[in-house]
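Reading the structure
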Amino acid sequence: MRYEEFYRQSVDEPERFWGEQARLIHWDTPPRQILDQSNPPFRRWFVGGTTNLCYNAVDRHLAERGEQLALVAISSETDSTQEITYRVLYREVNRFAGILQSLDVGQGDRVVIYMPNMAEAVYAMLACARIGAIHSVVFGGFAAHNLALRIDDAEPRLLICADAGMRGGKVIPYKPLVDAALAESKAPPPHVLIVSRGLDRDMQRVGGRDVDYARLRAEHMNDEVPVTWLELNEPSYLLYTSGTTGKPKGIQRDVGGYAVAMALSIRTIFDIAPGQVMFSTSDVGWAVGHSYNVYGPLIGGATSLLYEGLPTRPDPGVWWRLCEKYRVRTMFSSPTGIRVLKKQDAAWLKKADLSSLKWLFLAGEPLDEPTAHWITDGLGVPAIDNYWQTETGWPAITLMPGLDLKPVKWGSPGLPAPGYKMKVINESTGDEAAAGEKGVLVFVPPLPPGCLTTVWRDDGRYVNSYFSHFKELLYSSLDWAIRDADGYTNILGRTDDVINVAGHRLGTREIEESVATHASVAEAAVIGMKDELKGQVPVVFATLKQGVVELPADVARAMQQCVTDQLGAVARPARIYVVNALPKTRSGKLLRRSLQALVEQRDPGDLSTLDDPGALDEVRRALERGPDQGGEEPGMLAARKT
Ligand code: ATP
Ligand code: MG
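Residues numbered from 1 in each chain as written. Chains lettered and ligands numbered in written order. Predicted model: local features only at pLDDT ≥ 70, side-chain atom pairs only at ≥ 80, totals over all residues. Heavy atoms only, no water.

1. Considering the overall build of the protein
Regarding its fold elements, the protein presents 20 helices and 33 strands. A compact globule built from 642 residues should have a C-alpha radius of gyration of about 26 Å, and the protein, at 24 Å, falls within 12% of that. When the backbone C-alpha atoms are referred to their principal axes, the protein occupies close to 85 × 60 × 50 Å. Counted over contacts in the protein with a minimum sequence separation of 6, partners at least 24 positions apart contribute 70%. Here the protein displays about 24,200 Å² of accessible surface, and carbon together with sulfur accounts for 49% of that area. When the 70 basic and 80 acidic side-chain charges of the protein are each reduced to a single mean position, those positions are 1 Å apart. (Helix = DSSP H or I, 4+ residues; strand = E, 2+ residues; numbered from the N terminus. Rg over C-alpha atoms; globule rule 2.2 N^0.38 Å. Contact = heavy atoms within 4.5 Å. Areas by Shrake-Rupley, 256 points an atom, 1.4 Å probe, with all protein chains shown as cover. Lys, Arg positive; Asp, Glu negative; His and termini not counted. Charge placed at Lys NZ, Arg CZ, Asp CG, Glu CD.)

This is the structure:
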């Protein structure tokens, strides 16, 4: 079917469309009503239906594809590969479910999982789903305080952790972080289940609380744990947002709607049919990891590659060799991941046989054109940008090569995914923006299946955070967007990443992109600094490409000129600092709020989502040193002139 018709049906006749899509999964009791919208902005899909994510991801495939690979867990850190068939996955998940029950975990109980990309993390997630426990995976790179915050919010019955993770060959013990988090937590669970790979030889165990997975697995070797059929209202899992803009929100998802969204998207968006191979380089701790390392491919009867390690170790060809070896059809990564490879020799992209590879999807942050071109040319497959949020759980704006591939337009993730009724709203008038006019991207309720149902234990925050911005009841994405006449949407950055210079509202991303057009600039972050006269003025922090020989001050002056030429004098950066690193979250997003705080000489606040604390020191040093360009007090200057 053509995209236009498919999409039109999904939003104009949602009950008929989603009623048909519901057949993609197994229901123990089929839904009696497809959509209940009696209490907006809440909506319930597939009312009366009962199903189970684990059954759809594992049991359902045993008859036809029991001996097919379900999961290949590869670690370039521990130098190991595990090839796991659906039958083996079924056995491991049953054992894990038996262990959970022995630790008194049952339906509705929360289980926090703090593990790197390893097979047991997937077993743990599926085992929770099997018995109706609600998992909340916390990214293994988060520090103790961040883990404690999530524990306090989720109040888990059990915490499952690895003894350690590894990054770049270095062991990072997890258990001391867990101990510190539980000491800080107001709601520590009675037990910690430790999956040890023997990486942390000095690991301490707390008697009575800590239990060992290997020992319990041996006891539960032959367990068969029946599936718990769950009603639509039951939460399947919680996942906290990255916390780029503030306190993370506990995104809550349902069971049936999510299963249908996974079954639909893996086929029509990601173009993966049963038996085919998907490789998502994401982490199980992120939304992409949940949906396209675990649930999507498995619900779709495909093979999922799970990778622990850096894209550059043992060498920058590691991902592509895996694509060759396992005949990967669709790959999913992030612009950050590709930018890491872009610093390496492009010849690495040509060394493996990539004849099976058809698509590379990239999501999570804006995909800049140079990166998109570099990877598209290097691999010879289209890079497909897709836009989503932890909240949506699957792409909201994308192209759909599994259905009908529309032309790629650089700079745009494309067209709305099925079920997403979108508008761009002019912030000041509240009316729909015209084509080419900038506004806030919103979704008209009902949100499609798979999207969040609420914020965990906080319906008020769900309504206030997302639905209280406009006179109509609309879901605000909190991102700026612009739509062209063909309906392609460009994302222009977050609504709180806007600065107001003398009454002009400027998106920080526009200035960042302008600065980055200078050939020597690798990456830039722009924030607004308080200014008595103008309200705010733009301040730029930029990193330079490797091997640049020009003086930072010269590049900075040229950057300032780029902005003046391209965006006008009003956007002219008041100060430019050239630095060696920019502060980013663990998911690779720029942490502008911490830059802002440092510039305004405030405490940078909660830095627990920060990837590399060294980047902040780098910024502090730059501030002490003074800017490479600009820096005259703009207010003073203007005062002198008058
Ligand atoms: P928090 O909501 O806690 O501040 P966060 O928004 O960073 O954290 P995520 O849900 O991981 O948490 O990120 C979603 C956001 O990432 C989107 O709202 C958007 O700003 C950005 N994003 C994702 N994909 C794209 C894309 N393809 N192009 C541009 N921006 C994107
Ligand atoms: Mg967000």
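2. Looking at the pattern of salt bridges
Enumeration according to the criterion identifies 44 salt bridges in this entry. Among the ionic pairs, Asp611 bridges to Arg167, the shortest N-O distance being 3.5 Å. Placement of the pair is Asp611 in the loop between α18 (592-599) and α19 (613-625) and Arg167 in strand β9 (residues 164-167), with a sequence separation of 444 residues. Under the relative-accessibility criterion, Asp611 is labelled partly exposed at 27%. A network of salt bridges, in which partner residues are shared, links Glu5, Arg8, Asp12, Glu13 and Arg16. (Salt bridge = Lys/Arg side-chain N within 4 Å of Asp/Glu carboxyl O. Buried < 20%, exposed > 50% of the residue type's maximum accessible area, 1.4 Å probe, protein only.)

3. Some points on the sheet that holds strand β23 (residues 422-425)
Strand pairing within a sheet occurs via backbone hydrogen bonds; the two strands may be parallel or antiparallel. Taken together, four strands build an open sheet; the order of strands is β23-β24-β26-β27 and the sheet is antiparallel. Strands with a single pairing partner mark the edges of an open sheet, and in this sheet they are β23 and β27 (489-494). Within this sheet the neighbouring strands show an average axis-to-axis angle of 45 degrees, counted without direction. In the sheet, strand β24 (residues 438-443) pairs with strand β26 (residues 475-483) via five bridges, with the strands oriented antiparallel. Opposite Val442, over in β26, you have Ser476 as the bridge partner. (Pairing = 2+ DSSP bridges. Axes fitted to C-alpha atoms, helices over the stretch in contact; angles between N-to-C directions.)

4. Side note on the pairing of strand β11 (residues 191-195)
Here β11 lies mainly inside the structure; four of its five residues are buried. Two strands pair when backbone bridges link them, and strand β8 (residues 158-162) and β11 are joined in this way by five bridges, in the parallel orientation. In the strand pairing of β11, Leu159 is matched with Val192. In this structure, β11 lies alongside strand β12 (residues 210-212), joined through three bridges in parallel fashion. Counted as the bridge partner of Val192 is Asp210 from β12.

5. Considering the side chain of Thr453
Locating Thr453 in the fold gives a position in the loop between β24 and β25 (454-455). Thr453 gets classed as buried once you look at its relative accessible area, which sits at 18%. Residues in contact with Thr453, not counting those within four places in the same chain, are Phe42, Arg43, Gln252, Arg253, Asp254 and Tyr462.

6. Topic: the sheet that holds strand β5 (residues 80-85)
Here we have seven strands laid out as an open sheet, ordered β5-β4-β17-β16-β18-β19-β20, and mixed in their pairing. For this open sheet the edge positions go to β5 and β20 (383-386), each flanked by a neighbour on one side alone. Pairwise comparison of adjacent strand axes, ignoring direction, gives a mean angle of 20 degrees for this sheet. Lying on the sheet, helix α6 (residues 119-131) is in contact with β4 (69-75), β5 and β17 (303-308); it crosses β5 at an angle near 35 degrees.

7. Side note on empty space enclosed by the protein
Within this structure, the stated rule accounts for three cavities of 30 Å³ or more. As a volume, the largest cavity reaches approximately 90 Å³. Every residue lining the largest cavity is counted, 13 residues in all, and those nearest its centre are Ala383, Asp385, Val408, Lys409 and Ser412. Sorting elements by how many residues they give to the lining of the largest cavity places β20 first, with three residues. Residues that form the lining of the largest cavity fall into these classes: eight nonpolar, three polar and two charged. Estimated volume of the second largest cavity: approximately 40 Å³. Around the second largest cavity, the lining residues are Val137, Val138, Phe139, Phe142, Arg150, Leu239, Tyr240, Thr241, Gly285 and Trp286. Its residues assigned to classes, the lining of the second largest cavity comprises seven nonpolar, two polar and one charged. (1 Å grid on protein atoms, 1.4 Å probe; cavity = no way out; pocket = protein on both sides within 12 Å on 5 of 7 lines; lining within 4 Å. Points joined across faces, edges and corners; volume = space filled by probe spheres on them. Nonpolar A, V, L, I, M, F, W, Y, C, P; charged D, E, K, R; others polar.)

8. What about the nonpolar core?
What tends to happen in soluble globular proteins is that the nonpolar side chains get buried as a cluster. Membership of the largest hydrophobic core comes to 140 residues, with the highest contact counts inside it found for Leu126, Ile160, Leu193, Tyr295 and Trp394. In terms of residue count, α6 provides more of this core than any other element does, 11 residues in total. Ignoring any residue separated from it by four or fewer positions in sequence, one finds Leu193 in contact with Phe96, Ile99, Leu103, Leu158, Leu159, Ile160, Cys161, Val211, Asp212, Tyr213 and Leu216. Core analysis: the next-biggest nonpolar cluster, separate from the first, contains 29 residues, Ile74, Trp319, Trp320 and Leu341 among them. (Core = buried A, V, L, I, M, F, W, Y, C linked by side-chain atoms within 4.5 Å.)

9. Re the packing of helix α5 (residues 86-102) against α6
Across the interface, α5 lies against α6 with an axial gap of 8 Å and an inter-helix angle of 65 degrees. In terms of axis orientation, α5 runs roughly perpendicular to α6. As for how α5 packs across α6, the hand of that crossing is right-handed. Listed contacts from α6 to Leu89, Tyr90, Glu92, Val93, Asn94, Phe96, Ala97, Leu100 and Gln101 of α5 are Glu120, Tyr123, Ala124, Leu126, Ala127, Cys128, Arg130 and Ile131. Split by residue class, the contact of α5 with α6 holds 12 nonpolar, two polar and three charged. (Parallel < 35°, antiparallel > 145°, perpendicular 65-115°, else oblique. Left-handed = near helix turned anticlockwise from the far one by under 90°.)

10. As for α6
In this model α6 runs 19 Å from its N-terminal to its C-terminal C-alpha over 13 residues, within 8% of the 18 Å that 1.5 Å per residue would give. Counting buried residues along α6, 13 of its 13 residues qualify, which places the element largely inside the surrounding structure. Following α6 by one or two positions, Gly132 adopts a phi angle in the positive range, close to 80 degrees. (Expected span 1.5 Å × (residues − 1).)

11. A word on the packing of aromatic side chains
By the definition in use, this model includes 36 aromatic pairs. Summarising the aromatic geometry, the rings of Phe17 and Trp18 are spaced 5.0 Å apart at their centres and angled 85 degrees between planes, so their arrangement reads as edge-to-face. Overall, the relative accessible area of 2% leaves Phe17 in the buried class. By relative accessible area, Trp18 is classed as buried at 0%. (Phe/Tyr/Trp six-rings, centres within 6.5 Å; stacked < 30°, edge-to-face > 60°.)

12. Some points on unusual backbone geometry
Along the chain, Arg313 connects to Pro314 via a cis peptide bond; the corresponding omega equals 0 degrees. Inspection of the secondary structure assignment puts Pro314 in the loop between β17 and α12 (318-326). In the segment running from Pro445 into Pro446, the intervening peptide bond is cis, with an omega of 0 degrees. Here Pro446 lies in the loop between β24 and β25. In this structure, Arg327 takes a positive phi of about 55 degrees despite not being glycine. At Leu478, a residue that is not glycine, the phi angle is positive and equals roughly 65 degrees. One can find Leu478 in strand β26.

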